[in-house]
Amino acid sequence: MVTSFPPISPKVPRLLHGADYNPDQWLNYPDVLKEDIRLMKLSRCNVMSVGIFSWVSLEPEEGRFTFDWLDRVLDAFKDNGIYAFLATPSGAKPAWMSKKYPEVLRTEADRVRSLHGKRHTHCYTSPVYRRKTAVINGKLAERYAHHPAVIGWHISNEYSGECHCDLCQAKFREWLLAKYKTLDRLNHAWWTGFWSHTYTDWDEIESPAPHGEDAVHGLNLDWKRFVTDQTVDFCRHEIAHVRSFHPELPVTTNFMGTFPGLNYWKFTDLLDVISWDSYPAWHNNKQTDSELGADIAFVHDINRSLKGGKPFMLMESTPSMTNWHDVSRLKRPGMHELSSLQAVAHGSDTVQYFQWRKSRGSSEKLHGAVVDHEGSEHTRVFQDVKKLGEKLDKLDEIAGTTAEPEVALIFDWENRWALEDAQGPRNIGLHYERTVKSFYQPFWQEGVPVDVIHMDGDFSKYKLVIAPMLYMLKQDTAERIERFVQEGGTFVATYWSGIVDENDLAFLGGFPGGLRKTLGIRSEEIDALHDGQKNAIVMDADNRLGLSGRYEAAELCDLIHLEGAEALAFYEEDFYAGRPALTVNLYGAGKAYYIASRNEASFQKDFVSKLIEETGIAKVLDTDLPDGVTAQMRTDGKHDYIFLLNFTEENENVALPDEVYTDVLKGTRKKGTVKLPPYGTVILRRRHRAE
Ligand code: GLA
Ligand code: ZN
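The numbering scheme is per chain: residues are counted from 1 as the chain's sequence reads. Here the convention is simple: chains get letters from A, ligands get numbers from 1, in the order in which they are written. For this predicted model, a pLDDT threshold of at least 70 governs which residues receive local features, and a threshold of 80 or more governs which side-chain atom pairs are given and counted, while totals over whole chains, interfaces and linings are taken from all residues. For the side-chain quantities, the full set of heavy atoms in the structure was used; hydrogens and water were omitted.

J.: Help me out: how do you make sense of the domain arrangement of the protein chain in this one?
T.: A common way to state how big an interface is: give the accessible area lost once the parts meet. Domain delimitation follows an automatic or database domain assignment. According to the domain assignment, the protein chain consists of domain 1 (407–615) and domain 2 (629–687). Taking the mean C-alpha position of each, domain 1 and domain 2 sit 34 Å from one another. Contacts between residues were defined by any pair of non-hydrogen atoms, one from each residue, lying within 4.5 Å. Counting from both sides, the interface comprises four residues of domain 1 and, opposite them, five residues of domain 2. Both faces combined, the contact of domain 1 with domain 2 buries some 430 Å², and carbon together with sulfur accounts for 49% of it. Of all residues in domain 1, the largest losses of buried area upon contact with domain 2 belong to Trp-444, Gly-447 and Pro-449, amounting jointly to 79% of the total for that side. Here the quantity called buried area is the total loss of accessible area, with a 1.4 Å probe, experienced by two parts when brought into contact, counted for both.

J.: Is there a simple way to think about the packing of helix H5 (residues 127–144) against helix H8 (residues 217–243) in this case?
T.: The packing of two helices is summarised by the inter-axis angle and the distance between the axes. Geometry is summarised by axes, namely lines fitted to C-alpha atoms with helices restricted to the contacting stretch, and by angles between N-to-C directions that run from 0 to 180 degrees. Numbered from the N terminus, helices here are DSSP runs of H or I no shorter than four residues, and strands are runs of E no shorter than two. Taken N-terminus to C-terminus, the directions of H5 and H8 make an angle of 35°; their axes are 7 Å apart at the nearest point. In the crossing of H5 with H8, the sense of the turn from one axis to the other is right-handed. Taking contact as the criterion, the partners of Tyr-129, Arg-130, Thr-133, Ala-134, Asn-137, Gly-138 and Ala-141 in H5 are, on H8, Gln-230, Asp-233, Phe-234, His-237, Glu-238, His-241 and Val-242. Charged means Asp, Glu, Lys or Arg here, nonpolar means Ala, Val, Leu, Ile, Met, Phe, Trp, Tyr, Cys or Pro, and polar covers whatever is left, Gly included. Here the residues of the contact of H5 with H8 are counted per class, giving five nonpolar, six polar and three charged. Crossing handedness: left-handed means the near helix sits turned counterclockwise from the far one by under a right angle, and right-handed means the same turn made clockwise.

J.: Looking at this model, I keep getting lost on the sheet that holds strand S5 (residues 251–252). Mind explaining?
T.: Hydrogen bonds along the backbone pair up the strands of a sheet, which may run parallel or antiparallel. Taking strand neighbours across the sheet as the criterion, the nine strands line up as S5-S4-S3-S2-S1-S9-S8-S7-S6 in an open arrangement whose pairing is parallel. The two strands at the open ends of the sheet, each matched to only one other strand, are S5 and strand S6 (254–255). Pairing of strand S1 (residues 16–21) with strand S2 (residues 47–50), which is carried by four bridges, proceeds in the parallel orientation. From the neighbouring strand, Tyr-21 faces S2, where its bridge partner is Val-50. When DSSP finds two or more bridges between two strands, those strands count as paired.

J.: For this particular structure, what's the right way to read the UniProt feature "domain: Beta-galactosidase C-terminal" (unreviewed entry) in the protein chain?
T.: UniProt positions are given in the numbering used here, feature names are shortened, and annotations may be inferred rather than shown by experiment. Mapped onto this numbering, the UniProt entry gives "domain: Beta-galactosidase C-terminal" (unreviewed entry) at residues 628–686. Taken end to end, residues 628–686 comprises 0% helix and 59% strand; its first and last C-alpha atoms sit 23 Å apart.

J.: Would you take a moment to explain the sheet that holds strand S24 (residues 661–663) for this structure?
T.: Strands sit in the order S21-S22-S27-S24-S25 across an open sheet of five strands; the sheet is antiparallel. Looking at strand neighbours, the two that pair on one side only are strand S21 (629–635) and strand S25 (668–670), the edges of this open sheet. Averaged over all neighbouring strand pairs, the angle between strand axes comes to 30°, with direction disregarded. Bridge count for S21 against strand S22 (residues 639–646) is seven bridges, and the pairing is antiparallel.

J.: For this particular structure, what's the right way to read the side chain of His-283?
T.: Structurally, His-283 can be placed in the loop between strand S7 (275–277) and helix H9 (289–306). Classification of His-283 by relative accessible area gives buried; the value is 10%. Distance and chemistry together define a polar contact, namely a pair of N or O atoms within 3.5 Å, with one atom able to donate a hydrogen and the other to accept it when in protein, and with adjacent residues in sequence counting only for side-chain atoms on both sides. Among the polar contacts listed, one links the side chain of His-283 to the backbone nitrogen of Arg-332, at a separation of 3.0 Å. Discounting residues that sit within four places of it in the chain, His-283 has contacts with Asp-289, Arg-329, Leu-330, Lys-331, Arg-332, Met-335 and Tyr-679. Relative accessibility under 20% of the residue-type maximum defines a buried residue, over 50% an exposed one, and the middle range a partly exposed one, all with a 1.4 Å probe and only protein chains included.

J.: Is there a simple way to think about helix H3 (residues 68–79) in this case?
T.: An α-helix turns once per 3.6 residues; consequently, residues spaced three or four apart project the same way. An expected span of 1.5 Å times one less than the residue number is assigned to each helix. Between its first and last C-alpha atoms H3 spans 17 Å; for twelve residues at 1.5 Å apiece the expected length is 16 Å, and the two agree. Taken as a whole, H3 has its buried residues at Trp-69, Leu-70, Asp-71, Val-73, Leu-74 and Phe-77. Trailing H3 by a residue or two, Gly-81 shows a phi angle of about 70°, which is positive.

J.: Can you walk me through the site of ligand 1 in this structure?
T.: Neighbouring residues are identified by heavy atoms, a residue being near a molecule or strand if any of them is within 4 Å of it. With respect to spatial proximity, the complete set of residues near ligand 1 consists of Phe-53, Arg-119, Asn-157, Glu-158, Asp-277, Tyr-279, Glu-316, Trp-324, Phe-354, Glu-364 and His-367. Between Trp-324 and ligand 1, the recorded distance is 2.7 Å, taken from a side-chain N or O atom to an oxygen atom. Glu-364 has a polar side-chain atom sitting 2.4 Å from an oxygen atom of ligand 1. Here the shell around ligand 1 is built from residues that sort into four nonpolar, two polar and five charged.

J.: Would you mind showing me how to read the packing of aromatic side chains here?
T.: For any pair of aromatic rings, the description consists of the separation of the ring centres together with the inter-plane angle of the planes. To pair, rings of Phe, Tyr and Trp, with the six-membered ring standing in for Trp, must have centres within 6.5 Å; the planes then decide the type, stacked if under 30 degrees apart, edge-to-face if over 60, and tilted in the middle. Taken as a whole and judged by the stated rule, the model has 35 aromatic pairs. A ring pair is formed by Trp-26 and Tyr-29, whose centres lie 5.1 Å apart and whose planes are at 75°; its orientation type is edge-to-face. The exposure class assigned to Tyr-29 is partly exposed, which follows from its relative accessible area of 31%. Where Tyr-180 meets Trp-190, the ring centres are 6.4 Å apart and the plane angle is 85°; that geometry is what we call edge-to-face. Linking Tyr-180 in helix H6 (residues 166–180) with Trp-190 in helix H7 (residues 183–190), this pair joins segments that are ten residues apart in sequence. Owing to a relative accessible area of 4%, Trp-190 belongs among the buried residues under this scheme. In this scheme, the term charge over a ring applies when either NZ of a lysine or CZ of an arginine sits within 6 Å of the ring centre and within 35 degrees of the ring normal. One Lys or Arg, Arg-357, reaches over the ring of Trp-26 and ends 5.7 Å from the middle of that ring.

In structure tokens, the structure reads:
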């Protein structure tokens, strides 16, 4: 039985709307700061993230603190009903610190220590940096944790990168020692006998380097794990020093979608609420807006899944253009509202921007912002933000509601690291992320909610689990998948699965390792195709899925043997023509499908549609959605909130199944056909559908 989650802050039990606010750039412009407050209220913004890069404004010289400006900002917020996520400033350090303590500067993989500059360039290990962070975080917490305007902590900013300094090397060796205990074990796990790379002393181990070791896959993998752990450890350190003054104040740190450098699942226990920064390149010339819409939906769903369905925050998005894209396209009319409500549809309780006011100079002066250099409310962008703010005001009942998907898609960072480092079978692109998204897309199009989880996740609450390209297979994962199928679940695996264990050592005795029995097949070899080369799979007449015809296959074709599974399709060409290309194994009370080749998109569409039918998975609306229109849903167990989102530039109609709906924004009853304008959104409420 689903219920809703408590609000992010009990002080504002509603949807939040706001931006990154950098008043410290404008301290010499008192009129601007005054005007900001008027404009915030006018735009229906109720939350600001403050102080993200303010370290030097808060501590202009070592040990001297200047909080007066921040006092004034937060007091003005309090007087005007605006709330703040207060940031810890560790994302950018003052120049005096780099000068006095060079160890805080990051050393890159080439072992060159960076000069002072930019941001996100500190060492996560440096005791000095940790000490300095502890001091500034502690001072901020002591002064502001109980300030009436403050509702939470924005810890640092977009953690990223890795440091290869001597301090980090020593920490890495410590981490390895704790993991492997003996060098023998490490040497075995990394298969260092290859090329005489066996370590005979812990001190010989160095992080991967372009001019040193980068060929030992196990080392590369453990280094990436270490970088995540060290970043998590730094984040934990930051949190400890704000927590003690007000343990209930929620903490978050802003993630970057599917950023490859950090395994975000390792942060989830530390954080009270997940947040992320979304910058899709709408209206580009490579993808339609609806294809991109589905891709972004996938990332929103990761963020909702990270804390088991708990609402997340859209911490940053642009109200207009993004100045670091190849081309800074303006959001077409309607797109601002659509992309913002899309986040809410997938479980965000906030819509926030980078940034409130365009900087006057430096690197982001041309990035979109709510308030332009022109300075007034009379801009298209400001008016779009205001209109959205007015709509969000009417959606407060949605805050705290969640989703209850019956489908889980596995997207796993460690698997991705191993797979992308593997050297073969297709060095011009294995396309892990794109492949997982290609399985997400048809669910989005059918209006079927999906959780996006990692291989360590709990599968038991789903009817269907899909794990594209699970190259790395942990033993425990294989066992849990087997149990899931035995107990009646439907599981789907693809080519290039179950190749290595968690140390990136190939399974002996047949692929796909621990999934061989569950899937009832053995993969003997995999053919990689050049771009442009094609094969096809032909559906068997009378296959039990009821699919027909042929589908083009490209890039990867796995050559498998049946070991209990039944073939549903066969390869059309090449020396493996006639061999099985799609199989199902009836196992225990469930079914396990194996897709042997990378097929054209229409295969995923048809296959998923049959799976939905076969497993009885509920669509948000039992109706046919036009191409480019999706239906997503949030619920509190009493009401369902249905978001119809039109990612096309056309008017689209959705025929509603016969139930009682209320248009939440208009407050009116709705039945029959919903008309969606280009980039339009309609939000409907209905009684929760009991299973
Ligand atoms: C990131 C950062 C922000 C800003 C925006 C610009 O998300 O967190 O400080 O640089 O990008 O898009
Ligand atoms: Zn370092």
